[in-house]
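Close look at the chain arrangement
Now for the letters of each chain:
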Amino acid sequence: MRSTTSRPVFRRFVGTVAVGVALAATSGCTVPVDAVAGISVTGDGHLLGVMMVCGHHIDGATLYVDSDDVNKEVTIGSWTADRPLAPGLATWTLDSPAPGWTATRPLTPLTAKTTYALYGWTKDNSWSANSVSFTLSDRDRLTPGNVRYEEISDKGDASEVTLPIAEFKARACQNM
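The notes below deal with the structure included here. Since the structure is predicted, the reported quantities are computational estimates derived from the model, not experimental observations.

Remarks on the overall build of the protein chain
- Scanning the protein chain from N- to C-terminus turns up 3 helices and 11 strands.
- Walking the protein chain from its N terminus toward its C terminus, one meets helices and strands in the order α-β-β-β-β-β-β-β-β-β-α-β-β-α.
- Within the span of the protein chain, comprising 176 residues, buried residues form 36% of the whole.
- Of the accessible surface of the protein chain, which amounts to about 10500 Å², a share of 54% is contributed by carbon and sulfur atoms.

Digging into the state of the cysteines
- Under the definition given, this model contains 1 disulfide.
- Sulfur-sulfur distance for the disulfide between cysteine 54 and cysteine 173 comes to 2.0 Å. With the S-S dihedral at roughly -85°, the linkage between cysteine 54 and cysteine 173 falls on the left-handed side. Placement of cysteine 54 in the loop between β2 (47–53) and β3 (58–65) and of cysteine 173 in the segment after α3 (165–171) is noted, with a sequence separation of 119 residues between them.
- When its relative accessible area of 24% is taken as the criterion, cysteine 173 is described as partly exposed.

What to know about the side chain of threonine 80
- By the secondary structure assignment, threonine 80 is in strand β4 (residues 75–85).
- Beyond its immediate stretch of four places on either side in the chain, threonine 80 contacts Asp59, Gly60, Gly100, Trp101, Thr102, Thr104, Trp121 and Lys123.

Some words on the nonpolar core
- Counting 28 residues, the largest nonpolar core has Met51, Leu63, Leu85, Trp92, Leu110 and Leu118 as the members making the most contacts within it.
- Elements with a minimum of two residues in this core: β1 (33–41), β2, β3, β4, β5 (88–93), β7 (116–121) and β9 (132–134).
- Ignoring any residue separated from it by four or fewer positions in sequence, one finds tryptophan 92 in contact with Leu47, Leu48, Gly49, Val50, Met51, Ala61, Trp79, Ala98 and Trp101.
- Formed by 9 residues, the second largest nonpolar core is a distinct cluster that contains Val36, Met52, Tyr149 and Leu163.

Observations regarding the pattern of salt bridges
- Taken as a whole and assessed by the stated rule, the structure comprises 5 salt bridges.
- The closest approach of N and O atoms between aspartate 140 and arginine 139, which form a salt bridge, is 2.9 Å.
- The exposure class of arginine 139 is partly exposed, given its relative accessible area of 23%.
- Linked by salt bridges that have partners in common, Asp138, Arg141 and Arg148 make up one network.

Some details on the packing of aromatic side chains
- Tallied over the full model, the rule gives 4 aromatic pairs.
- Considering the side-chain rings of tyrosine 64 and tyrosine 119, the 5.7 Å spacing of their centres and the 70° angle between planes classify their relative orientation as edge-to-face. With tyrosine 64 in strand β3 and tyrosine 119 in strand β7, this pair connects stretches of sequence that are 55 residues apart.
- Their ring planes at 20° and their centres at 4.0 Å tell us that tryptophan 92 and tryptophan 101 sit as a pair that is stacked. Comparing tryptophan 92 with tryptophan 101 shows no difference in burial state: the two are buried.

The rules behind each value
- Residues numbered from 1 in each chain as written.
- Predicted model: local features only at pLDDT ≥ 70, side-chain atom pairs only at ≥ 80, totals over all residues.
- Heavy atoms only, no water.
- Helix = DSSP H or I, 4+ residues; strand = E, 2+ residues; numbered from the N terminus.
- Buried < 20%, exposed > 50% of the residue type's maximum accessible area, 1.4 Å probe, protein only.
- Areas by Shrake-Rupley, 256 points an atom, 1.4 Å probe, with all protein chains shown as cover.
- Disulfide = S-S within 2.5 Å.
- Contact = heavy atoms within 4.5 Å.
- Core = buried A, V, L, I, M, F, W, Y, C linked by side-chain atoms within 4.5 Å.
- Salt bridge = Lys/Arg side-chain N within 4 Å of Asp/Glu carboxyl O.
- Phe/Tyr/Trp six-rings, centres within 6.5 Å; stacked < 30°, edge-to-face > 60°.

Now the structure itself:
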């Protein structure tokens, strides 16, 4: 029995399907990043959220248990800014009410040997912030005036670094 489909038509069809599959596999539904989240501590040891907004805005931040298993990611705290954060630096205490912020989910106690991540978001998912991962040991090594954040190199490699806040402000948005 002979096929009624010509080979060139079939090849084009297969090629079109292959291109569609490749595009679907490589195009994620991620939110563009235009801010950098970090953590610091106050003089009396309270955990601070730090957000460097690079060009647009951020509406809030969420702290969650960082896990490769999405089913084990649990929200530990969430905060909404009273007004969208404009480009520049913002800080707020995570464990107590902070002026200009509403705790939409108050911070639950952090535990040892758990990795946490703080990230920023917008209500309409138009922008987000690079997250920062940390443990209680990482937090305990922080001193007031220093920020831990995930720095992205010129090659796109990410690593957690701790810098004085002025240096964080100068470098955080460089590779956005």
